[in-house]
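Here is how the chains run, residue by residue.
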Amino acid sequence: MQLRRVSILGSTGSIGESALDVVRTSGGMLGIAALSAGSNWRRLAAQAREFRPLLVTVTDDTAARELGRELAGSGIRVAAGGEGLEEAATLAEADIVLSAIVGAAGILPTLAAARSGKTIALANKESLVAAGGLITAAVRDAGGILLPVDSEHNALFQLLAGRDASEVSRLVLTASGGPFFRREGSLEEVTPEDALRHPSWSMGAKVTIDSATLMNKGLEVIEAHWLFGVPLERITVVIHPQSIVHGALEMTDGALLAHLSPPDMRIPIAAALYYPQRFELPWQRLDLATLGSLEFFPPDHARFPALELAYAAFSRGGTAPAVLNAANEVAVQAFLDRRLRFTAITEVVADVLARGTVDSGSPDIDMIMAADVAAREAAAESIRVIQASRRS
Ligand code: NAD
Ligand code: MG
């Protein structure tokens, strides 16, 4: 394999850092073309010194000035804002773009990478939730490749490779169930600290809270639809607290083909970055003989309504999934800031979906971004109403 140069969007995050670990162990097979971060310029500067990219970019202008000072004379170009991000997403020297920004901020750069025909390793599921139709069409039209990094989707992608889709009757996505799966009683008073204590995965704050509400799995069902072209009725979610089985295919003859690996995101990241080859990784292996039991349960929809909200938003179509996603981001942030109870996260999302107008049909990117902005305002209003009613 020739040297493959990667642009990482969101390099200072949990996925970004795991990807850099994969590059570190690649023995020179993988290199870095560009790195991007939100505002953490100190961490980005350290990464740039280690990996010598052509370009680094931050969203924040002040951070860009600091980064420029820090890297002056290094020969590494420093960019900023949406333009910088787009440049990192489309850089000619990059062979593959890892889309690992969190949230809707990943939509435009992922679409830009798709339109420029890049091979995209996709961790940013929110971009497919909000703009899956546009992104998958752009990948097709520009002749790019979309490789899933999300562990469940990467598992399904590996299981589906070379298989005739007509032999597959159902996709199964597993969910850990999050920290509250086995908790008795009401979830009204759980704190951000409780919710951030994920039992099997170490991830960024937003996706960890999404795992606790099960919204993560709702987003992932929509993500799976866009990646694999399978209708939602043929995608099943099952709770599997050990996070060892990541996905399975139910075949038409009743066989179930499953993908197992340790819960370590570096494994699916490496599978995407080396695709279609495999590379020997130095990390933990699964030993079935000492693994103990693997458990599976149906999701509890009454306790975790997020999953059904996601199915409903998807069936409504148009900009509804973008609205679901944006309202969820605002509500999760309010919970992390202690302005909203845990159980109110899904109340806010349901409220915004119920009140908001939703464009139907196949929205263009401007409609999707406008729906995102409007849903954020509606969610902020919904949170104010909930806060007021709790005070009175
Ligand atoms: P994180 O919060 O740890 O990192 C997010 C990265 O995005 C950081 O580099 C941050 O600087 C950057 N960023 C944040 N806001 C930005 C903005 N407005 N503009 C530009 N950059 C911005 O998140 P994470 O856990 O690494 O997750 C990243 C994505 O991968 C999410 O979509 C998540 O759902 C998905 N994912 C994560 C995991 C995991 O194990 N962490 C697993 C599967 C999927
Ligand atoms: Mg996942």
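Attention in this report is confined to the structure presented alongside it. Given the structure is predicted, the values throughout are model-derived calculations rather than measurements.

1. Some thoughts on the pairing of strand E5 (residues 96-99)
Each regular strand displays side chains that alternate between the two surfaces of the sheet. Alternating residues of E5 divide into Ile96 and Leu98 and Val97 and Ser99, and every residue in both groups is buried. In this sheet, E5 lies alongside strand E1 (residues 4-9) in parallel orientation, the contact comprising 4 bridges. Along E5, the bridge assignment pairs serine 7 with valine 97. Alignment of E5 against strand E6 (residues 119-122), held across 4 bridges, turns out to be parallel. Paired with leucine 98 across the bridge in E6 is alanine 121. For the handedness criterion, the β-α-β arrangement of E5, helix H5 (residues 107-115) and E6 is classed as right-handed.

2. Examining the sheet that holds strand E2 (residues 30-37)
What the 7 strands build is an open sheet, ordered E4-E3-E2-E1-E5-E6-E7; its pairing is parallel. Looking at the sheet topology across the chains shown, the edges are occupied by strand E4 (77-80) and strand E7 (145-148). When strand polarity is set aside, the average angle formed by the axes of neighbouring strands in this sheet is 20°. Against the sheet, helix H1 (residues 14-24) contacts E1, E2 and E5, and its axis sits at roughly 165° relative to E2.

3. Quick notes on the packing of helix H6 (residues 125-142) against helix H10 (residues 215-228)
H10 packs onto H6 with a crossing angle of 20° between their chain directions and a minimal axis gap of 8 Å. The angle between H6 and H10 falls in the class roughly parallel. For the crossing formed where H6 meets H10, the hand is left-handed. Contacts between H6 and H10 pair Lys125, Leu128, Val129, Gly132, Gly133 and Thr136 from the former with Asn216, Leu219, Glu220, Ile222, Glu223, Trp226 and Leu227 from the latter. Split by residue class, the contact of H6 with H10 holds 6 nonpolar, 4 polar and 3 charged.

4. So, the site of ligand 1
Taken together, 22 residues lie around ligand 1, and Thr12, Ser14, Gly38, Glu126 and Gly204 are the ones closest in. Take threonine 12: an N or O atom from its side chain is 2.7 Å from an oxygen atom of ligand 1. In this structure, threonine 59 approaches ligand 1 through a side-chain N or O atom, which is 2.9 Å from a nitrogen atom. Here ligand 1 loses 84% of its free accessible area of 830 Å² to cover by the protein chains. Listed by contribution, the elements that provide at least two residues to the shell around ligand 1 are H1 and H6. Grouping the amino acids of the shell around ligand 1 by side-chain chemistry returns 10 nonpolar, 9 polar and 3 charged.

5. As for the packing of aromatic side chains
If you walk through the whole model with that rule in mind, you get 6 aromatic pairs. Members of the aromatic cluster, each reached through a chain of ring pairs, are Phe180, Phe335 and Phe342. One cation-aromatic arrangement involves arginine 266 over tryptophan 283; the distance from NZ or CZ to the ring centre is 3.7 Å.

What counts, and at which threshold
- Residues numbered from 1 in each chain as written.
- Chains lettered and ligands numbered in written order.
- Predicted model: local features only at pLDDT ≥ 70, side-chain atom pairs only at ≥ 80, totals over all residues.
- Heavy atoms only, no water.
- Buried < 20%, exposed > 50% of the residue type's maximum accessible area, 1.4 Å probe, protein only.
- Helix = DSSP H or I, 4+ residues; strand = E, 2+ residues; numbered from the N terminus.
- Pairing = 2+ DSSP bridges.
- Right-handed = clockwise from strand over helix to strand, strands pointing away.
- Axes fitted to C-alpha atoms, helices over the stretch in contact; angles between N-to-C directions.
- Contact = heavy atoms within 4.5 Å.
- Parallel < 35°, antiparallel > 145°, perpendicular 65-115°, else oblique.
- Left-handed = near helix turned anticlockwise from the far one by under 90°.
- Nonpolar A, V, L, I, M, F, W, Y, C, P; charged D, E, K, R; others polar.
- Near = heavy atom within 4 Å.
- Polar contact = N/O pair within 3.5 Å; in protein donor to acceptor, adjacent residues only side chain to side chain.
- Areas by Shrake-Rupley, 256 points an atom, 1.4 Å probe, with all protein chains shown as cover.
- Phe/Tyr/Trp six-rings, centres within 6.5 Å; stacked < 30°, edge-to-face > 60°.
- Lys NZ or Arg CZ within 6 Å of the ring centre and 35° of its normal.

Without other data, these values stay purely geometric and don't point to any function.
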